[in-house]
Each structure stands twice: as structure tokens, then as C-alpha cells.
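What the coordinates show
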Amino acid sequence: FCQTITHLNAPSATPACLISIAKRLLSYQYNSGEKQKHRQTSISDNAGARIVDFRSDVLSKPTPGMMKAMIESVSYGDDVFGENTTVMELESRVAKMLGQEAGLFVTSGTMGNLLPVMSHCRERGSEVILGDLCHIHLYEQGSLASFAGAHHRAVSTNPDGTLCLEQCRRLIRTNAEDPHYPITRALCLENTHGLAGGKVLPVAYFAEARELCNRYGMKLHVDGARLINAAVALGIDPIEYGRYVSSVTICFSKGLGAPVGSCIASDADTISYCRRIRKALGGAARQPGLLAAAASYSLDVAKDTLSADHANAQLIYSGVSQVNLPDWLVFEKPQTNVMQIKLTKDAPISIDQLQTIIEEPTDSCKIRLRAPAVSETIIRLLTHNDLTRQDCLLAVEKLKYALQNVVDLQK
């Protein structure tokens with residue numbers, strides 16, 4: 001390790017933040033049989049209340065095993081020059097895993113969605129159809145319009161995260177002879193669907209969506225930030241989804257626990273175009289081998305990591321379901337690592353009131369949950385690798401207390 005640190009400290013080697021990561025390894029002790037462990041990150045506030053953070057699975061941090069892999073498996077070659085073997089091996093691995101010709105490592109899921117759609121919509125003014133609750137539409141700052149020059153039309157998202165394909169079909173415009181309309185070039189899906197509560201889209205639905213796209217000469221892009229969650233939940237190989245897509249992006253920095261990065265998988269021509277645009281947008285990194293090594297390790301342990309997250313979500317649901325809730329208050333059974341508490345439109349309390357009860361401690365329940373309201377009717381909680389079973393049991397205690405308190409207030 002000392003030799004590694006010395007190499008990293010060379011002025012021309014790699015950014016200071018990665019040197020810092022490497023130096024942190026000196027505080028760990030390893031053994032060859034170590035498995036990835038959940039690491040407790042809950043803390044206490046000034047009043048002594050225990051804080052358990054369910055805001056997002058992006059909060060998960062590299063484990064000691066991942067940190068070890070970042071040093072032992074890393075290449076320091078220049079990725080822009082195509083000389084970083086760690087990155088190239090990761091890209092090839094993801095492409096094979098999803099049944100595609102090639103892959104491209106990028107710094108974020110937002111870039112991972114933008115680049116392939118830009119490739120599918122190379123003519124400015126092209127059109128994309130997507131869901132009104134998808135991440136691309138709501139949380140990526142309109143990048144399709146800003147950088148791709150693409151027009152997008154949003155259709156209603158079903159409660160299960162799917163889009164009505166017949167409704168999508170009615171929106172498709174392919175008549176290049178009519179100067180009034182843009183040409184519809186792509187359909188975008190999201191799996192698992194975040195704002196639908198981490199719902200898993202069926203493989204059969206992917207097949208139907210691809211058939212629709214083929215019929216009209218369109219591409220099918222999938223925001224698969226949590227696609228591996230979906231595959232683990234169904235007990236299938238991710239290639240079962242990949243065989244139907246034109247392009248797909250998976251994210252390493254959510255439930256998989258890596259610090260940074262996503263990967264696009266698609267055909268060779270699309271990836272070649274994405275690589276060029278990645279450079280133009282400033283997304284090409286010189287020596288990202290440490291990050292690619294972390295991503296590769298996350299795939300090694302993905303099944304165990306995500307299965308544990310899903311099990312913790314089920315543990316919380318099972319505990320909370322013991323509370324007899326009124327019709328206007330619903331705690332949905334999770335399919336993956338995303339849980340939702342919903343108020344109906346006629347609920348006698350507001351989502352802000354409910355969130356306050358969940359997040360603030362009381363004398364009888366000194367636990368604070370960090371759980372954001374993602375709409376006027378939904379509070380969302382995500383399990384992740386840094387939450388222990390004990391954290392989740394504490395969450396059950398607090399949620400049962402909070403929801404029962406809400407019910408009692410209305411009697």
C-alpha cells in the first residue's frame with residue numbers, strides 16, 4: 001500500500017480526491033475472505049435522538065472490500081487515449097451483461113441518459129416520448145432540450161411504472177414529408193421506476209415496447225439506474241431486459257454502493273457517437289480507473305447487496321403493516337428497495353404534517369427518520385447498503401409510532 005500511495009502522490013498521476021481515498025485504505029484491515037458488510041451511518045442529534053437516513057440509496061458509501069478492490073484492481077492508464085484497462089474491462093463486462101455490443105463509462109446517470117438519446121436524435125428537433133414521472137423528464141434539468149435539441153412529449157405514468165403503449169402509439173409522428181411536425185425518434189422507459197415506488201417493469205412489457213418501436217423505426221432507451229434491482233427482484237439475468245433495448249444506462253452509485261459512475265450499453269455505432277459527445281460535454285476522465293474498479297466490484301457483490309436492501313425494505317413493511325391504517329393512509333408493499341407512504345386526496349392531514357411527525361423525535365420515541373416528501377401526497381424511503389438491520393428495526397418503531405399517532409389524532 002505504501003508503494004501505491006507513493007505512486008498516487010506523483011504530480012502527474014491522479015486527482016487529490018482519489019489520493020485521499022487511497023490514503024484512507026491505511027485505516028482498514030483486510031482479510032482475503034472478507035465479504036461486503038452493511039456499515040452503520042445513523043448518528044444522534046444534539047438532543048440525543050437517533051437519526052436514520054432513508055433519503056436515497058445514493059447515500060451508500062464504499063465498503064472496505066470495495067476500497068481494497070479500488071487499489072488492487074486499478075489501471076492508471078489514460079481513458080481518453082483508450083489506455084485504461086480497468087475502464088475498458090468494465091465497459092465490456094456491462095455490454096456483455098446486457099446483451100449489447102459496447103459500453104461507455106460516464107460520471108453520472110444524467111449523462112448516461114443524455115448521451116444515448118442524443119445519439120438517437122442526431123437531427124435537432126427530433127422527438128422523444130417518455131413518462132410524466134420519469135427521472136429524465138423531471139430531474140435532469142431539461143437536458144434533452146438544452147443539449148440534444150430534442151422535443152419531448154410526456155404521457156401519464158401508470159401506478160406500476162409502465163406507460164400505456166397505445167397512448168404512446170397515438171403520439172408517434174413519423175411523416176417526414178409534413179413540415180409541421182417533428183419526427184419521433186425514441187421512446188424512453190425507466191426500470192425500476194423511482195416515483196412509482198421502485199416498481200419492477202415486466203420483461204414482457206419490454207418486449208411489447210420494443211415491438212412498437214420497431215414498427216415505427218424508433219429506438220428504445222431505458223433509464224436503468226436501478227435495473228439490477230429489478231433483475232435481482234425477479235431472480236433473472238439482466239440480459240433478459242437488455243435483449244429488447246436500443247440503449248440502457250445502469251448506475252453504480254445508488255444501491256450498488258460505488259462512489260461515482262454509470263455505464264451506457266448499446267450498439268457500437270451509438271457508443272462511438274456517445275463517446276464523442278461525452279468529450280464535448282467535459283465528461284471524459286483521464287485516469288478514472290479507481291472509480292471503474294469500484295463499479296466492477298459493485299457488480300461482483302450486486303446480488304447480495306441488493307437482496308439485503310430488498311429484505312430490509314420488506315422487514316420495515318412487515319413491521320409497519322401491523323398498524324391498522326385508515327383508508328386515506330397507505331403504506332405500499334415494496335417490490336425492491338423503495339418504500340412509499342401515501343395520502344389520498346381527501347386525507348385530513350397534509351404531507352408536511354405527516355413528514356414532521358416522522359422526522360421529529362418525541363419524548364416517547366427518540367428516533368428521527370430522514371424521509372423526503374416527493375410530492376404533495378407521497379413520502380419516500382429507500383433502504384441502502386449503509387443501513388443496518390438495527391437501523392431498519394428502529395425505523396419500524398418510529399413509523400409505527402408516527403402512523404399510529406396520526407390515526408389517533410383523527411379519532
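Note that the structure is predicted; figures quoted are calculated from it, not measured. (Residues numbered from 1 in each chain as written. Predicted model: local features only at pLDDT ≥ 70, side-chain atom pairs only at ≥ 80, totals over all residues. Heavy atoms only, no water.)

**Examining the sheet that holds strand 13 (residues 378–382)**
Pairing between the strands of a sheet comes from backbone hydrogen bonds, and it takes one of two forms, parallel or antiparallel. Rules: Paired strands are those between which DSSP finds at least two bridges. By definition, any uninterrupted DSSP run of H or I lasting at least four residues is a helix, any uninterrupted run of E lasting at least two residues is a strand, and each is numbered from the N terminus. Axis lines are fitted through C-alpha atoms, for helices just across the contact stretch, and the angle between N-to-C directions can take any value from 0 to 180 degrees. Should any heavy atoms of two residues lie within 4.5 Å, those residues are considered in contact.
Overall, antiparallel pairing links the three strands, which are arranged 10-11-13 in an open sheet. Only two strands of the sheet have a single neighbouring strand rather than two, namely strand 10 (329–331) and strand 13. Averaged over all adjacent pairs, the angle separating strand axes in this sheet is 10°, with direction ignored. The sheet contact formed by strand 11 (residues 338–343) and strand 13 spans five bridges and is antiparallel. Bridge pairing links Gln340 to Arg380 in strand 13. Across the sheet, helix 15 (residues 351–359) lies against strand 10, strand 11 and strand 13, angled at about 35° from strand 13, the strand it touches most.

**What about the nonpolar core?**
Our working definition: Nine residue types can take part in a nonpolar core, namely buried Ala, Val, Leu, Ile, Met, Phe, Trp, Tyr and Cys, and a core is a set of them joined through side-chain atoms within 4.5 Å. Summary of the burial criterion: residues with accessible area below 20% of their type's maximum are buried, those above 50% are exposed, and those between are partly exposed, where the area comes from a 1.4 Å probe applied to protein chains only.
Core analysis: the biggest nonpolar cluster contains 53 residues, and Leu90, Val94, Leu98, Leu187, Leu189, Ile250 and Phe252 have the highest contact counts within it. Tallying contributions element by element places helix 13 (residues 289–300) first for this core, with seven residues. In contact with Leu189, other than residues within four places in its own chain, are Leu163, Tyr205, Ala209, Leu220, His221, Val222 and Asp223.

**What about the pairing of strand 13?**
Regular strands show a simple pattern: their side chains alternate between the two faces of the sheet. Most of strand 13 is tucked away: five of the five residues are buried. Of the two faces of strand 13, both are covered, the one formed by Ile378, Arg380 and Leu382 as well as the one formed by Ile379 and Leu381.

**Observations concerning helix 4 (residues 85–97)**
What sets the pattern is the α-helix's 3.6 residues per turn: residues three or four places apart point alike. In plain terms, the rule: Given a helix with a known number of residues, its expected span is that number minus one, times 1.5 Å. By construction, the arc corresponds to the directions joining the helix axis to the C-beta atoms. Definition of a polar contact: a pair of N or O atoms within 3.5 Å, with one able to donate and the other able to accept a hydrogen when the atoms are protein atoms, and with sequence-neighbouring residues admitted only if both atoms are side-chain atoms.
Here helix 4 spans 18 Å end to end across 13 residues, near enough to the 18 Å set by a 1.5 Å rise per residue. Listed in full, the buried residues belonging to helix 4 are Thr86, Val87, Leu90, Glu91, Val94, Ala95 and Met97. Projection of helix 4 onto a plane perpendicular to its axis shows the buried side chains occupying an angular sector of 165°, all on one side. For helix 4, the exposed residues lying more than 90 degrees away from the buried face are Glu89 and Lys96. One side-chain oxygen of the residue at the start of helix 4 lies 3.2 Å from the amide nitrogen of Thr86, identifying that residue as Asn84. Where helix 4 terminates, the next one or two residues include Gly99, which has phi positive at roughly 70°.

**Quick word on the UniProt feature "modified residue: N6-(pyridoxal phosphate)lysine" (unreviewed entry) in the chain**
Filter applied, for reference: UniProt positions are given in the numbering used here, feature names are shortened, and annotations may be inferred rather than shown by experiment.
This chain's UniProt record puts "modified residue: N6-(pyridoxal phosphate)lysine" (unreviewed entry) on Lys254. Inspection of the secondary structure puts Lys254 in the loop between strand 8 (247–251) and strand 9 (262–266). Owing to a relative accessible area of 16%, Lys254 belongs among the buried residues under this scheme. The residues touching Lys254, leaving out its near neighbours within four places in the chain, are Asp57, Val58, Ser60, Ala225 and Arg226.

**Some remarks on the environment of Ser307**
Relative to the helices and strands, Ser307 resides in helix 14 (residues 302–320). Exposure remark for Ser307: the relative accessible area of 31% places this residue in the partly exposed category. Taking C-alpha positions, Ser307 is 8.2 Å from Asn229, a pair spaced 78 residues apart along the chain. Residue contacts for Ser307: discarding those within four places in its chain leaves Val232 and Ala302. Here Lys303 takes part through its backbone oxygen, which lies 2.6 Å from a polar atom of the side chain of Ser307.

**Describing the sheet that holds strand 6 (residues 184–190)**
Spatial ordering of the open sheet is given by 3-9-8-7-6-4-5, a layout of seven strands whose pairing is mixed. In this open sheet, the two edge strands, each paired with only one partner strand, are strand 3 (102–106) and strand 5 (151–155). Averaged over all pairs of adjacent strands, the angle between their axes in this sheet comes to 20°, without regard to strand direction. Against the sheet, helix 4 engages strand 3, strand 8 and strand 9, with an angle of about 125° to strand 3. Packing against the sheet, helix 9 (residues 203–215) makes contact with strand 6 and strand 7 (219–224), and its axis sits at approximately 145° to strand 7.

**Focus on the confidence of the model for the chain**
How we decide: Residue-level confidence of the predictor is summarised by pLDDT, bounded by 0 at the bottom and 100 at the top.
In this model, the chain carries an average pLDDT of 89, and 88% of its residues clear a pLDDT of 70 or more. Confidence over residues 1–14 falls short of pLDDT 50; this stretch has 22 contacts with residues more than four positions distant or in other chains.

**Brief notes about the packing of helix 4 against helix 13**
The following threshold applies: Whether a crossing is left-handed or right-handed is set by the direction in which the near helix is turned from the far one by less than a right angle, anticlockwise for left-handed and clockwise for right-handed. As a working rule, the residues Ala, Val, Leu, Ile, Met, Phe, Trp, Tyr, Cys and Pro are called nonpolar, Asp, Glu, Lys and Arg charged, and the rest polar, with Gly in that last group.
Where helix 4 contacts helix 13, the axes come no closer than 8 Å and their chain directions differ by 35°. Relative to helix 13, helix 4 is oriented so that their crossing is left-handed. Contacts from Thr86, Val87, Leu90, Arg93, Val94 and Met97 of helix 4 reach helix 13 at Gly289, Ala292, Ala293, Ala295, Ser296, Leu299 and Asp300. Within the contact of helix 4 with helix 13, the residues separate by chemical class into eight nonpolar, three polar and two charged.

**What to know about the pairing of strand 9**
Within strand 9, five of the five residues are buried, which leaves it mostly tucked inside the rest of the structure. As paired elements, strand 3 and strand 9 share five bridges and run antiparallel to each other. By the bridge assignment for strand 9, Gly103 is matched with Ala265. Alignment of strand 8 against strand 9, held across five bridges, turns out to be antiparallel. Paired with Val248 across the bridge in strand 9 is Ala265.

**Points about unusual backbone geometry**
Cis geometry is adopted by the peptide bond preceding Thr192, which originates at Asn191 and carries an omega value of -10°. Counting through the fold element by element, Thr192 comes out in the loop between strand 6 and helix 9. The backbone of Gln141 shows a phi angle near 55°, a positive value even though the residue is not glycine. Note on placement: Gln141 falls in the loop between helix 6 (135–139) and helix 7 (143–146).

**Quick notes on the packing of helix 10 (residues 227–234) against helix 14**
The line we're drawing: By definition in this entry, angles of less than 35 degrees are roughly parallel, angles greater than 145 are roughly antiparallel, angles of 65 to 115 are roughly perpendicular, and the rest are oblique.
Taken N-terminus to C-terminus, the directions of helix 10 and helix 14 make an angle of 80°; their axes are 10 Å apart at the nearest point. In terms of orientation, helix 10 lies roughly perpendicular with respect to helix 14. Of the residues in helix 14, those touching helix 10 at Ile228, Asn229, Val232 and Ala233 are Ala302, Lys303, Leu306, Ser307 and His310.

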